[in-house]
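# Geometric and topological summary
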Amino acid sequence: MQRYSALGLLTQGLRHHENWQRVWRNPTPKKHYDVIVVGGGGHGLATAYYLAKLHGVTNVAVVEKGYLGGGNTGRNTTIVRSNYLWDEAAHLYEHAMKLWEGLSQDLNYNVMFSQRGVLNLGHTLQDMRDIQRRVNANRLNGIDSEALDTQQVQELVPIMDCSPNTRYPILGASWQPRAGVARHDAVAWGYARAADALGVDLLQQTEVTDLIVEQGTVKGVSTARYGDLYAERVGCVVAGNSGVLAKMAGFNLPLESHPLQALVSEPIKPILDTVVMSNHVHGYVSQSDKGDLVIGAGIDSYNGYGQRGSFPTIEHTLQAIVELFPIFSRVRMNRQWGGIVDTCPDACPIISKTPVQNLFFNCGWGTGGFKATTGSGHVFAASLAKGEMHPLAEPFSMFRFHTGALVDEHGAAGVAH
């Protein structure tokens, strides 16, 4: 397992978004671009980078209403894995995993990708049946995956209570050794720096107020800061705000937006060297390079855009985490927050053309967004460059909800969406 010091992170990156301006030029927006990417999170920045590097499309603007990486990219729990059940999802996430494995070298920037492995716990006989099914499906798709029994889980994580007397007894787990974590904001920094070096315009504090659509074809975007910006193609990658932009273009998306809860503890000495996830209670925990426990919970049951913590959801998760790890019971919580995720009915994303010509959407990732950052940007860039969907993106068309060709990853992917 790779480990990095907090000092190393400080020397390679910037701590506050206000300092971004010191890193690169402050571009004067052009009036016309080949491609406008709406959304300056991980997926949007990755899209811009791959457009420039792999397809030679450098006349690109990334338009972000806040600061780069300031949305869900800065609010996730850093987990990277590819052990999904269905072929379509497994191929996309494994494509992303292979890109993760070379990302620091590709960007010449340390994104702190640590392949420490991910455990998905099973607490019931049905959990274990589902785990065995998913492990078999992973192996058929060439993805590393193993089914472990209770003793093997205990050997991997000695501090976890694997006794039969717990409220959620651990009967076993799936184990993906190549999975792990990455530094979420370093991923945004790395992609942004590399895209900027290739000539991409990064327009922060630039909210899109409308999409310019003429005779069924998108022509550009209206912004509060720079007025109208025109482009041959527009790609929208705005996570929980995708439905808002779709309405600007005159159509609806089958999405719901929910706050997704997470928290971190005070820093403690290294004690947990892998990622532990429980589908049954939707709690997951890892330890960051700084020493804090990073704990993820479920989505709030209500729709909303409030990027804040919801105590009932957090409380439920902490009850489960403390029972799994009694050693954590007196660790203090440092801060909690919510990120806004949009979810599709089948818990898989939309990477798609739309009813508006030359307008593309990339959204609906639910809890799977961060781990897909590399692959999502890669296939979306190819789709925007060519005007036709990349083969890995084709199953995730928004029109699958009309044809019924769903990719139903609900609960099948090792975590309840």
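What counts, and at which threshold
Residues numbered from 1 in each chain as written. Predicted model: local features only at pLDDT ≥ 70, side-chain atom pairs only at ≥ 80, totals over all residues. Heavy atoms only, no water. Pairing = 2+ DSSP bridges. Helix = DSSP H or I, 4+ residues; strand = E, 2+ residues; numbered from the N terminus. Axes fitted to C-alpha atoms, helices over the stretch in contact; angles between N-to-C directions. Parallel < 35°, antiparallel > 145°, perpendicular 65-115°, else oblique. Left-handed = near helix turned anticlockwise from the far one by under 90°. Contact = heavy atoms within 4.5 Å. Nonpolar A, V, L, I, M, F, W, Y, C, P; charged D, E, K, R; others polar. Core = buried A, V, L, I, M, F, W, Y, C linked by side-chain atoms within 4.5 Å. Buried < 20%, exposed > 50% of the residue type's maximum accessible area, 1.4 Å probe, protein only. Arc of directions from axis to C-beta. pLDDT = per-residue confidence, 0-100. Disulfide = S-S within 2.5 Å. Polar contact = N/O pair within 3.5 Å; in protein donor to acceptor, adjacent residues only side chain to side chain. Expected span 1.5 Å × (residues − 1). Salt bridge = Lys/Arg side-chain N within 4 Å of Asp/Glu carboxyl O.

## Quick word on the sheet that holds strand E13 (residues 275–278)
Pairing within the open sheet is mixed, and its eight strands lie in the order E5-E6-E4-E13-E14-E15-E12-E16. Unpaired on one side and paired on the other, strand E5 (146–149) and strand E16 (333–343) mark the two borders of the sheet. Adjacent strand axes in the sheet meet at a mean angle of 20 degrees when their direction is disregarded.

## Some points on the packing of helix H2 (residues 42–55) against helix H10 (residues 373–386)
Packing of H2 against H10 leaves a shortest axis separation of 7 Å and a crossing angle of 55 degrees. On the basis of the axis angle, H2 is oblique to H10. In this structure, the crossing between H2 and H10 has a hand that is right-handed. On H10, the residues that touch Gly-42, His-43, Ala-46, Thr-47, Tyr-50, Leu-51, Leu-54 and His-55 of H2 are Thr-373, Thr-374, Ser-376, Gly-377, His-378, Phe-380, Ala-381, Ala-382, Leu-384, Ala-385 and Lys-386. For the contact of H2 with H10, the residue count by class is nine nonpolar, nine polar and one charged.

## A closer look at the nonpolar core
Counting residues in each nonpolar core, the largest one holds 59 residues, and the members touching the most others are Trp-100, Tyr-191 and Ile-351. The element best represented in this core is helix H7 (residues 184–197), accounting for eight residues. Beyond its immediate chain neighbours, meaning those up to four positions away, Trp-100 contacts Val-80, Phe-113, Ala-182, Val-187, Phe-370, Lys-371, Thr-373 and Thr-374.

## With respect to the environment of Gly-309
Within the secondary structure, Gly-309 is located in the loop between strand E15 (292–299) and helix H9 (311–324). A C-alpha to C-alpha distance of 27 Å links Gly-309 and Ser-114, two positions 195 residues apart in sequence. In contact with Gly-309, not counting residues within four places along its chain, are Gln-261, Gln-336, Trp-337 and Gly-338.

## Let's talk about the pairing of E13
Side-chain alternation along E13 places Val-275 and Met-277 on one buried face and Val-276 and Ser-278 on a second face that is also buried. The pairing of E13 with strand E14 (residues 283–287) spans three bridges and is classified as antiparallel. Considered in E14, the bridge of Met-277 is made with Tyr-284. Linking E13 to E14, which pair antiparallel, is a turn of four residues; within it His-282 sits at a positive phi near 50 degrees.

## Things to note about helix H8 (residues 242–249)
The set of residues buried in H8 consists of Ser-242, Leu-245, Ala-246 and Ala-249. Viewed end-on, H8 has its buried residues packed into an arc of 105 degrees, placing them on one side of the element. Lining the buried residues of H8 we find strand E1 (32–38), strand E9 (208–214), strand E11 (227–236), E16 and strand E18 (359–363). With its phi angle positive at about 95 degrees, Gly-250 sits one or two positions after the end of H8.

## Focus on the confidence of the model for the protein chain
On average, residues of the protein chain score 91 in pLDDT, and 92% of them reach the 70 mark or higher. Counting contacts from residues 1–23, a segment whose pLDDT is below 50, to residues more than four positions away or on other chains yields 38 contacts.

## Considerations on the state of the cysteines
Tallied over the full model, the rule gives zero disulfides. For the unlinked cysteine Cys-344, the closest cysteine sulfur is that of Cys-363, found at 6.1 Å.

## Re the side chain of Arg-400
Turning to its location among the elements, Arg-400 is positioned in helix H11 (residues 400–403). Residue Arg-400 is classed as buried on the basis of its relative accessible area of 2%. At a separation of 3.0 Å, a polar atom in the side chain of Arg-400 contacts the main-chain carbonyl oxygen of Pro-349.

## Brief notes about the pairing of E1
In terms of residue burial, E1 counts as a mostly covered element, since five of its seven residues are buried. Both E1 and E11 contribute to a ladder of six bridges, which runs parallel. In the sheet register, Tyr-33 faces E11, and the bridge partner there is Ala-231. Examined bridge by bridge, E1 and strand E2 (residues 60–63) share four bridges and lie parallel to one another.

## Some words on H7
With 14 residues, H7 should reach 20 Å at 1.5 Å per residue; the first-to-last C-alpha distance of 20 Å fits that figure. Restricting attention to buried positions, one finds in H7 the residues His-184, Asp-185, Ala-186, Val-187, Ala-188, Trp-189, Gly-190, Tyr-191, Ala-192, Ala-194, Ala-195 and Asp-196. At the exit of H7 stands Gly-199, carrying a positive phi of roughly 100 degrees.

## Considerations on the packing of helix H3 (residues 87–101) against H10
Remark: H3 packs on H10, axes separated minimally by 7 Å, with the N-to-C direction vectors making an angle of 105 degrees. As the angle between them shows, H3 and H10 are arranged roughly perpendicular. Here Leu-92, His-95, Ala-96, Leu-99 and Trp-100 of H3 lie close against H10, whose contacting residues are Thr-373, Thr-374, Gly-375, His-378 and Val-379. Of the residues assigned to the contact of H3 with H10, the class counts are five nonpolar, five polar and no charged.

## Comments concerning the pattern of salt bridges
Summed over all chains, the structure comprises nine salt bridges. The residue Arg-178 makes a salt bridge to Glu-94 at a minimum N-O spacing of 3.0 Å. Of this pair, Arg-178 sits in the loop between strand E6 (172–176) and strand E7 (180–181) while Glu-94 sits in helix H3, and the two are 84 residues apart along the sequence. In this pair, the class of Arg-178 matches that of Glu-94, namely buried. The partner of Lys-353 in a salt bridge is Glu-388, and the shortest N-O contact between them spans 3.1 Å. Of this pair, Lys-353 sits in strand E17 (residues 350–353) while Glu-388 sits in the loop between H10 and H11, and the two are 35 residues apart along the sequence. Taken together, the shared-partner salt bridges in this structure form one network comprising Glu-94, Glu-101, Asp-144 and Arg-178.

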